[in-house]
Amino acid sequence: MRYRDLSYWLSDLDEPLTPRAGLPGDTDADVAIVGAGYTGLWTAYYLAEADPTLRVVVLEREIAGYGASGRNGGWCSALFPTSLPALARRHGRDRALAMQRAMHATVGEVGRVVAAEGVDCDWAAGGTVLLARSRAQLDRARSAVAEARAYGLTDDDLVLLDAAEAGARCAADGVRGGTYTPHCAAVHPAKLVRGLARAVERRGVRVFERTPVTEMRPGAAVTPAGVVRAPVVVRATEGFTPALPGHRRTVAPVYSLMVATPPLPAETWARIGLARRETFADHRHVIVYGQRTADDRLAFGGRGAPYHYGSRVRPGFDREPRVFGALRRALGELFPVLGPEPPVTHAWGGPLGVARDWAASVGLDRGTGSAWAGGYVGDGVGTSNLAGRTLADLIRGVESDLTALPWVGHRSPRWEPEPLRWLAINAGLRVMSSADAREHRTDRPSRRAALFTRFLGH
Ligand SMILES: Cc1cc2nc3c(=O)[nH]c(=O)nc-3n(C[C@H](O)[C@H](O)[C@H](O)COP(=O)(O)OP(=O)(O)OC[C@H]3O[C@@H](n4cnc5c(N)ncnc54)[C@H](O)[C@@H]3O)c2cc1C
């Protein structure tokens, strides 16, 4: 497999992406971690930092960064898949707010570690501008700010922008306003995950690549090359989880796809803005997201690719010409200076993990030693760091502010069996896409989309 072809980010690395050695045979460890994406590697990092004597082993089926961590939009944000009201309904207002504050602090923590470890990942803490380009989107922008205020968040967390203020940050077509939060940094995702793998190795963690785990059971991770016996086994496999025995319905793999333009000239950037490399999107339903890369490309992505029957994950699903075409047109609509179908040099995608109740979670079953983290939907770049710190505390038996957060130990229900799962997810995607098209045409909020969001409870 040519790992470089998996994303613009992996293709941009200076290193050869030669796989590390595989597991040599049966091995004893204190903690076995399955998956070398951000979740697995942050967990290994904080375990090794807290207790250098721990024997931590990471088992990766391909190479570190093969999954979503090497392919994403590079928003290291404080976004959490469950909204504040939904968290407050389940856990109370104070704990909901504690969760949001922990996410805010996480962005700074990632920035601190990448600086301390010399992980050069093009870190730019420029915040996020979310544009409103229709009346419906403006309504959602206002509601988002009102909701934040109701929970005691201030202008320092999220501020409403008028048309001129939003356009000054990101001069997209038809901007009527928007919101801005400072709690986000743009990163080069592959440099982050590959740098993290090296940082954990420097701390004595052993990372074995091309080592698929075929079964996780209490006290052991089983691979064709041997068994790793460890009292704690961590599942850090996110969108790939359904392929593990017993986990077909744990999360649904939903695809997000991206395109990248060639480096754009200074004149074009003078018309677009994003001078501080703010990450950007708008308030539409089917999420799109973009960043100005350190080498002056636009990297732009979105959901909307179909969910595949039986929660299957295949390399071919990363490429969906219809979605790539839609992303290019959306980029051209946002920035007419690029033309109606802006040139792109790279197009790719990958699976992310969605829990049935849309709730990310992290936990350790003390009886079996089975630990997990995931279900981040599209917000795993920052959240996985919080997960790694939290798992390190849980595994070491430390009670902390982190282990008291409401997502700890949360058990999401399993997804419905097929064909219900396929019908429901793809119907949801269609409702939201047609709502965006209708809002664009009529400039009115879609009631169907609002009902659907309420039905999902987030
Ligand atoms: C296109 C795209 C754009 C995104 N944009 C953003 C964004 O801008 N901001 C944001 O916050 N989030 C974003 N996300 C989501 C984010 O990338 C993920 O939530 C995050 O990377 C998840 O990290 P992870 O380590 O849990 O999973 P992954 O990075 O997917 O890693 C899981 C690893 O487990 C390995 N594995 C799986 N099964 C096995 C097995 N049986 N044995 C051994 N190894 C195994 C896989 O090979 C993989 O390397 C995006 C996702 C995609 C796909």
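In what follows, the structure referred to is the one given above.
Below is a summary of the structure that appears in this document. Please read all numbers here as calculations on a predicted model, not as lab measurements. (Residues numbered from 1 in each chain as written. Predicted model: local features only at pLDDT ≥ 70, side-chain atom pairs only at ≥ 80, totals over all residues. Heavy atoms only, no water.)

1. So, the site of the ligand
No. 1: Taken together, 36 residues sit near the ligand, with Thr39, Glu60, Ser69, Gly378 and Val381 positioned nearest.
No. 2: Within the backbone of Gly73, one N or O atom sits 2.9 Å away from a nitrogen atom of the ligand.
No. 3: The contact in question runs from an oxygen atom of the ligand to an N or O atom on the backbone of Val381, over 2.8 Å.
No. 4: Here the ligand loses 98% of its free accessible area of 1,000 Å² to cover by the protein chains.
No. 5: Looking at the shell around the ligand, its residues break down into 17 nonpolar, 14 polar and 5 charged. (Near = heavy atom within 4 Å. Polar contact = N/O pair within 3.5 Å; in protein donor to acceptor, adjacent residues only side chain to side chain. Areas by Shrake-Rupley, 256 points an atom, 1.4 Å probe, with all protein chains shown as cover. Nonpolar A, V, L, I, M, F, W, Y, C, P; charged D, E, K, R; others polar.)

2. As for the sheet that holds strand 11 (residues 220-223)
No. 1: Strands sit in the order 1-12-11-10 across an open sheet of 4 strands; the sheet is mixed. Of all strands in the sheet, those bounded by a partner on one side alone are strand 1 (27-28) and strand 10 (215-217).
No. 2: The sheet contact formed by strand 10 and strand 11 spans 3 bridges and is antiparallel. Directly across from Met216, in strand 11, lies its bridge partner Ala221. (Pairing = 2+ DSSP bridges. Helix = DSSP H or I, 4+ residues; strand = E, 2+ residues; numbered from the N terminus.)

3. Side note on empty space enclosed by the protein
No. 1: Summed over the entire model, instances satisfying the criterion amount to 1 cavity of 30 Å³ or more.
No. 2: As a volume, the largest cavity reaches approximately 40 Å³.
No. 3: Lining the largest cavity we find Phe80, Thr82, Leu87, Arg90, His91, Ala359, Ala360, Pro406, Trp407 and His410.
No. 4: The class makeup of the residues in the lining of the largest cavity is 6 nonpolar, 3 polar and 1 charged. (1 Å grid on protein atoms, 1.4 Å probe; cavity = no way out; pocket = protein on both sides within 12 Å on 5 of 7 lines; lining within 4 Å. Points joined across faces, edges and corners; volume = space filled by probe spheres on them.)

4. Comments concerning the side chain of Thr237
No. 1: Mapping Thr237 onto the fold places it in the loop between strand 13 (232-235) and strand 14 (252-260).
No. 2: Residue class for Thr237 comes out buried when judged on its relative accessible area of 13%. (Buried < 20%, exposed > 50% of the residue type's maximum accessible area, 1.4 Å probe, protein only.)

5. Considerations on the pattern of salt bridges
Where side chains of opposite charge bring their charged atoms close, a pairing between them can arise.
No. 1: The final tally for this structure, using the stated rule, is 26 salt bridges.
No. 2: Of the charged contacts, one joins Asp157 and Arg101 as a salt bridge, the two residues approaching to 3.3 Å between their closest N and O atoms. Here Asp157, found in the loop between helix 5 (135-150) and strand 6 (159-162), pairs with Arg101, found in helix 4 (residues 93-116); they are 56 residues apart in sequence, far enough to count as distant.
No. 3: Asp296 is paired through a salt bridge with Arg292; the nearest N and O atoms lie 2.8 Å apart.
No. 4: A single network of salt bridges, built from pairs that share partners, joins Glu15, Arg194 and Arg198. (Salt bridge = Lys/Arg side-chain N within 4 Å of Asp/Glu carboxyl O.)

Such coordinate-based values are descriptive only and should not be taken to indicate function.
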